[in-house]
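# Descriptive structure summary
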Amino acid sequence: MRFWEDPEFRKKLDTVRLIMKNRARGLRFGENRSRYFGRGIEVSHLKNYAEGEDVRFIDWNSSFRLGRIFLKVFSETRENFIYILLDRSASMEFGSPETKFTTAVKTAYCLAHTALSGFNRVVLAEFSDTLISARTVGRTDINGKFAAVMDSPPAARPTSFERSFGEFFAKFRRRGVVFVVSDMVDAPLSAIERLPRMALAHNFCVVQVSSPEDSALPESGEFKFEDSETGETVEISMTPDIARRFAESYSAFSTGVSKKCLRYGGHYFRLPCGSDPAVAVRGIMLGAGMGLAGND
Amino acid sequence: MIEFQSLANSIFAVSVPVLVALYMLKLNRKTVKVPNVAFLKMIVSENRGSSLFKRLTSNILLLLEVLFLAALVGALMNPGRAGLSVVGKRLVLIVDNTITMTTAEAGGETRFETAKKEALEVLAANPNSSVSIIELSNYPRLAANNETDFRAAAAKLSAVSQTHFRPDWRFAFSLAEGLASEGQNPEIHAFSDFSSFSVAGISTVPGKVRHFYHVTGAKTRNVGISEFDITADPETGSAAQEIFFTVKNYDDYEVSFPVSVTSGGAKLYSSVFTLSARGSESKVLKRFGGGGAVRIEIAFGDSMPQDNVRSGSAGEGDRLSVLVSSERPYFYDAALSAAGGLAVETVPPGVPRSIYRNREFDLVVTDDSAEIAESSKYRCANFVAICPPDGFMGIKYGEWDYDVTFRAPSFPYEYMRSMDLSDIYVYRARRALATGSFGEIAFGSGGVPLFMRLARFDSSVFAVMFDPRQSNFPLKTAFPIFFSNVAGAVRNLVSAPEIFNIGSDNRMRLRRIYPAIRGPKLVVRDDGSRDVAEIDVSSLKSTDLLRLPPLTATGRYRLFNASAGPSARPVAEFYLNAPVGAVLSIKPGRVPGPARTAPAASAPAFEASHVSFAPVLILAALLLLLLDWIYQNFKVFFRGGGDA
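Remember, it's a predicted structure, so these values are computed and weren't measured experimentally.

Per the secondary structure count, chain A includes 9 helices and 13 strands. Counting over 296 residues, chain A shows a buried share of 48%. Sequence separation of at least 24 residues holds for 74% of the intrachain contacts in chain A that already meet a minimum separation of 6. Surface summary for chain A: the accessible area is close to 13,800 Å², and the carbon and sulfur share equals 52%.

Next comes the structure, spelled out in structure tokens:
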């Protein structure tokens, strides 16, 4: 059974709705406010009636009171572009009770589902050292497409934020909201440097999936640590001091990513692997200021 | 050379390979895959820098620990400076102060001064020993007895003065043996030029007492003054003095040289001496008025250096290989075959004889004048030269002499010892004259030499001065005996003498031992299985001579392959005997008076123990331990400071 077929999961997921603060720029109808005027249910302002215009939208109350004919102008609700960047690098295979990749996929599913519920356009992009794939996800095929993602394991490739993000920005120029679901770790630790460029093009939210292996090492013994992505090895005699310093380094790095996100108008959410994705997405939405608690 | 007092503690050196093994096990680390090593690389300083540096630094810890263990094991073995023996010995030093020791060498230092310096070095090298010093003169005198104070012994040694007497080695060694037998680890050291040395009456076989011979002086000028004395003239009264001296030639050839005698700076006598091989000449001069030092000077011009090269241990074994080089070889071939025990090879007619020169034979028999003249170009060193040409080794021929009767020799001819020479006569022989280069000469009637032998240390030339095929010499019986005896002499020459002498340039032929040599080096071990020297044989061929290292102790020595274990069989062995009595030239400048009184010994400063390197090694070990600790903790300090 897929996780999305779980009734409990569905129930939790249905309580989350996505409301965007930014003006939607999509061409199609949606639930988000846009800068366009036209058909809608919310009156934006009144304007003088001109001959030929639809008389059904005449605001009779104002017309009688002021002695002129006014026409109601509605603000349109349009779809928004939601980009979900899913990390498929080799480092996502770690984690317990489930891998970071599984947690990331679940989270991405929840994000996509929530976005689709609000009549948004969702693009699911997978990356590692390059942009592996980018496909539009619709309400009818979301399960199928995520099933395909789930069935293919993470690529045994390193992470390159520079290259994969560059390809993504070149391909998707329409402004939207980018959710980066990743452990944010690559060999040169360059994820932080990519965030300013992302802030120029899109609104963004970083969901950093973490596992115990990211920050915890054995406190004693002789080890040869092999990088899962590059194959690079480090031989070291572990001591409690080194283990502590390793954990501190990872924590400092995560804090750095978080601060950078906030500085450039983005949002940051740290997600330990194994977390309930529905609850996590709700947290993400609230944390990012765009979530809405439903009927729970 | 460093000597170890506690060599058994070298067993702890096993800890070094154990440490390396443990280090290897440590290197076999458990491989763990992690999401990312970027943070680890930031932490671990080992991963900074070039890969070469990484490799080096990863082994620094092992290097430090191995050095630490090596220093510790070395300290446990308690090494000391070579020569500074920890063993208390009974040393008896015989210092030659006879007349020949007045010779001034090229550096200006007399042999006596050199001998005293060497004796002082031996004293300093044995701080825990008791020392007796014997002055060697015509009546050996005890200069110091059972002295345990270094300074006192050195003072007494320096008080030994030069004399103009001749040595009495036998008495000196008897005295030394008696003194040496009193203590533990006895050793007798003789410091001399060994000019009149004779081993007769001296036990040179190493027993309880070890003999060391320290040879001083050059070995290339072999004409010297063997006797010198100044006495009052009994005939003319006390106003006149008689100066008596003897000049002797110890070379194997005749030499001529000018001799001058001065008295108080004034020339008293001047002449040119011509001395035959091993000949001597004495002079008695008179001087009136007395006073002033007498100086006898020998000026050398063209005297040839002594061929002091000895060799031995080259015998092939049972059969000697003999080459017959003659136009008509059948007679010699038959005679040699009848002699037995010889592998005879004949140069075929028409084949150039020069191609045989580089082949290895033990004996070459030839009647070819050209080949005899070229004998120095042969690899073989032993020749039987039949009718050598005029001029060969100084031979000069005269008229023919008929019916030459053989005269029985008054001294032994080894190679003809078993021949009955009394009845032998030769039908026809040319009158020959030979210089002193030939040692043993058998004369015919009228003083005509018939057999001559030039004997050198490593070769021999047997000259037969007549053609046996043209005489009525009893060929069928006598010549096989002659060849057999020659072969015996050659066999003795090439195989028996694995005996060398201290002070000589001793060389051993490699031919026999060459197949047993494994590796580039040989080790010389004495009877106590102690390594005393190392010889590099990597560049030597089987036909070369192996030069033995200079050794000072008599006794048996063995050569081992350096790579072989302690229980391996020796490659060769040889005996080292006392020096041969080679007399050397001297220039006595002054005849000193009686020996001065020895100065009083100064305060005792005798070193009670040997200078051990163990404390230094322990300090080094502690330093290495400190470095090891600093290295292991350096990263933590450094990184901690960086984070702060």
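Moving on: the sheet that holds strand S8 (residues 177–182) of chain A. Residue and element names in this part refer to chain A. Strand order across the open sheet formed by 6 strands is S7-S6-S5-S8-S9-S12, with mixed pairing between neighbours. Each of the sheet's edge strands pairs with one partner strand only, and the pair in question is strand S7 (131–137) and strand S12 (267–272). Ignoring which end each strand starts from, the neighbouring axes of this sheet average 15 degrees apart. Where strand S5 (residues 81–87) lies against S8, 5 bridges are found, and the strand directions are parallel. Bridged to tyrosine 83 within S8 is valine 178. Of the strands in this sheet, S5, S8 and strand S9 (203–210) touch helix H6 (residues 191–201), which is tilted by about 145 degrees from S9.

Here we take up unusual backbone geometry. Going from serine 96 of chain A to proline 97 of chain A, the amide bond is cis rather than trans, its omega being 5 degrees. Relative to the elements of secondary structure, proline 97 of chain A occurs in the loop between S5 and helix H3 (100–117). One non-glycine residue, methionine 184 of chain A, lies in the positive phi region at around 65 degrees. As for its position among the elements, methionine 184 of chain A is in the loop between S8 and H6. According to the relative accessible area criterion, methionine 184 of chain A is buried, its value standing at 1%. The phi angle at cysteine 387 of chain B is positive, at roughly 50 degrees, despite the residue not being glycine. Examined against the element boundaries, cysteine 387 of chain B turns out to sit in the loop between strand S19 (382–386) and strand S20 (396–405). Taking relative accessible area as the criterion, cysteine 387 of chain B reaches 26% and is therefore assigned partly exposed.

One pass over the structure, following the stated rule, counts 28 aromatic pairs over all chains. Between phenylalanine 3 of chain A and phenylalanine 9 of chain A, the ring centres sit 5.4 Å apart and the planes meet at 85 degrees, which makes this aromatic pair edge-to-face. Here the two residues phenylalanine 3 of chain A and phenylalanine 9 of chain A agree in accessibility, since each one is buried. Plain terms: the ring middles of tyrosine 250 of chain A and phenylalanine 39 of chain B are 5.8 Å apart, the flat faces sit at 90 degrees to each other, and that makes the pair edge-to-face. Here tyrosine 250 of chain A is found in helix H8 (residues 240–263), whereas its partner phenylalanine 39 of chain B is found in helix H2 (residues 38–43) on a different chain.

Take the side chain of serine 63 of chain A next. Residues and elements named next belong to chain A. For serine 63, the location among the structural elements is in helix H2 (residues 60–66). Within the structure, serine 63 has its side chain in polar contact with the backbone nitrogen of phenylalanine 70 (distance 3.0 Å). Look past the residues within four positions of serine 63 in its chain and what remains in contact with it is Ile58, Arg68, Ile69 and Phe70.

What follows covers the sheet that holds strand S11 (residues 233–238) of chain A. The 3 strands lie next to each other as S11(A)-S10(A)-S2(B), forming an open sheet whose pairing is mixed. The sheet is open, and its two borders are formed by S11 of chain A together with strand S2 (30–34) of chain B, each paired with just one other strand. Between one strand and the next, the sheet's axes are offset by a mean angle of 30 degrees, whatever the strand orientation.

Conventions we followed
Residues numbered from 1 in each chain as written. Chains lettered and ligands numbered in written order. Predicted model: local features only at pLDDT ≥ 70, side-chain atom pairs only at ≥ 80, totals over all residues. Heavy atoms only, no water. Helix = DSSP H or I, 4+ residues; strand = E, 2+ residues; numbered from the N terminus. Buried < 20%, exposed > 50% of the residue type's maximum accessible area, 1.4 Å probe, protein only. Contact = heavy atoms within 4.5 Å. Areas by Shrake-Rupley, 256 points an atom, 1.4 Å probe, with all protein chains shown as cover. Pairing = 2+ DSSP bridges. Axes fitted to C-alpha atoms, helices over the stretch in contact; angles between N-to-C directions. Phe/Tyr/Trp six-rings, centres within 6.5 Å; stacked < 30°, edge-to-face > 60°. Polar contact = N/O pair within 3.5 Å; in protein donor to acceptor, adjacent residues only side chain to side chain.

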